[in-house]
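# Descriptive structure summary
So you can see what is in the structure, the chains are spelled out below.
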Amino acid sequence: RSLDNLRHADLGMQPTGVVTFGMNPMRLDYNGERQFGLVRDTIGQLRSAPGIESVAFASPSPFWRGRVPASVKVEPTEQAPEHAVSRTVVSADYFGTLGIPLRAGRVFAETEFERTRRKEGVRIVNESLARQLFGGNSAVGRWIHLSQAARGWELDRSLEIVGVVGDTRFGSNLREPGGVVVYEPAGASMSAAAFFVRSKLAPAEALSIVPTTIRRI
């Protein structure tokens, strides 16, 4: 009964027609530009396969039990309260591939993935975070200050919100509503990533394309 309930749960996305797989380039001693190239080539070649409609990735996966904690506050930063958030790195077409609706603003532009690699960037937030930060006012065009400290490095950056997307359930307990999320366009380096492939093919047929493609790359 629990498994059947999960199959019919409203996740805030449209998983029908999507298969997923994981990859961790760091375990192959890939890093930096080589890591980015492997992920880019995987997306490009899978996208060009017959029957495949779109391909995207996220790090961490929406269904990973751990999250990447960070905190945000509204600019200007003086005396602004901090809000704990989950930070997720995504590729282009992520929201479209998973069927996560855009509520306001826009999704990431291809050029902004290059900008992120130069330490400049924009962010997309989910509805819950937009409501938490700005109440009933528009979040698009507003600036937030994001900070994170983990594994010996720190992130401390002022960012513009360009879009608001629908809330999704994530993590290992899908009975609970999803939390607040900041989405970041992927830069030149990422660790473990979950890939999502939307297609018109049967799931087994779509998945059979994956190992062949990755071995070729």
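Starting afresh in each chain, residues are numbered from 1 along the sequence in its written order. Confidence filtering applies because this is a predicted model: local features only for residues at pLDDT of at least 70, side-chain atom pairs given and counted only at 80 or more, and all residues used for totals across whole chains, interfaces and linings. For side-chain calculations, the full set of non-hydrogen atoms in the structure is used, while hydrogens and water are omitted.

Here the focus is the overall build of the protein chain. Helix and strand counts for the protein chain come out as six helices and 10 strands. Burial analysis of the protein chain (217 residues in total) assigns 47% to the buried set. Whether two residues are in contact is decided by their heavy atoms: any pair within 4.5 Å suffices. Within the protein chain, contacts between residues separated by at least 24 positions form 75% of all contacts whose residues are at least 6 apart in sequence. Residue burial considers only the protein chains on display, and all accessible areas are found by Shrake-Rupley using a 1.4 Å probe. A total accessible area of about 11,600 Å² is found for the protein chain, and carbon and sulfur atoms account for 50% of it. Every helix listed is a DSSP run of H or I at least four residues long, and every strand listed is a run of E at least two residues long, numbered separately from the N terminus. Only protein chains enter the calculation, and the probe is 1.4 Å; a residue is then buried if its accessible area is under 20% of its type maximum, exposed if over 50%, and partly exposed in between.

Let us look at the pattern of salt bridges. Only one rule defines a salt bridge in this text: a Lys or Arg side-chain nitrogen within 4 Å of an Asp or Glu carboxyl oxygen. Following the criterion strictly, the structure yields eight salt bridges and no others. Across the salt bridge formed by Glu82 and Lys73, the nearest N and O atoms sit 3.8 Å from each other. Under the relative-accessibility criterion, Glu82 is labelled exposed at 52%. Taking the shortest distance from any N to any O, the salt bridge between Arg123 and Glu184 comes out at 3.6 Å. One end of the pair, Arg123, is in strand 6 (residues 122-126); the other, Glu184, is in strand 9 (residues 181-185), with 61 residues separating them in the sequence. Comparing Arg123 with Glu184, the two get one shared label, buried. Members of the salt-bridge network, linked through shared partners, are Arg87, Arg123 and Glu184.

Most of strand 6 sits out of view: five of its five residues are buried. At least two bridges found by DSSP between two strands is the condition for calling them paired. Relative to strand 9, strand 6 runs antiparallel, the two being bridged by two bridges. If you follow Ile124 over to strand 9, its bridge partner there is Tyr183.

For helix 6 (residues 203-216), which comprises 14 residues, the first-to-last C-alpha distance of 21 Å matches the rise-based estimate of 20 Å (1.5 Å per residue) to within 8%. Contacts made by the buried residues of helix 6 are with strand 1 (18-23), helix 2 (32-47), strand 2 (52-59) and strand 10 (193-199). Take the number of residues in a helix, subtract one, and multiply by 1.5 Å to get its expected span.

Nonpolar side chains in soluble globular proteins generally cluster together in the buried interior. Counting residues in each nonpolar core, the largest one holds 43 residues, and the members touching the most others are Tyr94, Phe95, Phe108, Tyr183 and Phe195. If sequence neighbours within four positions are ignored, Tyr94 has contacts with Ala56, Phe57, Ala58, Pro62, Ile100, Tyr183 and Phe196. By nonpolar core we mean a set of buried residues, namely Ala, Val, Leu, Ile, Met, Phe, Trp, Tyr and Cys, connected to one another through side-chain atoms within 4.5 Å. Counting 17 residues, the second-largest nonpolar core is a separate cluster that includes Val72, Ala139, Leu159 and Val182.

Any functional reading would require information beyond the geometric quantities listed.
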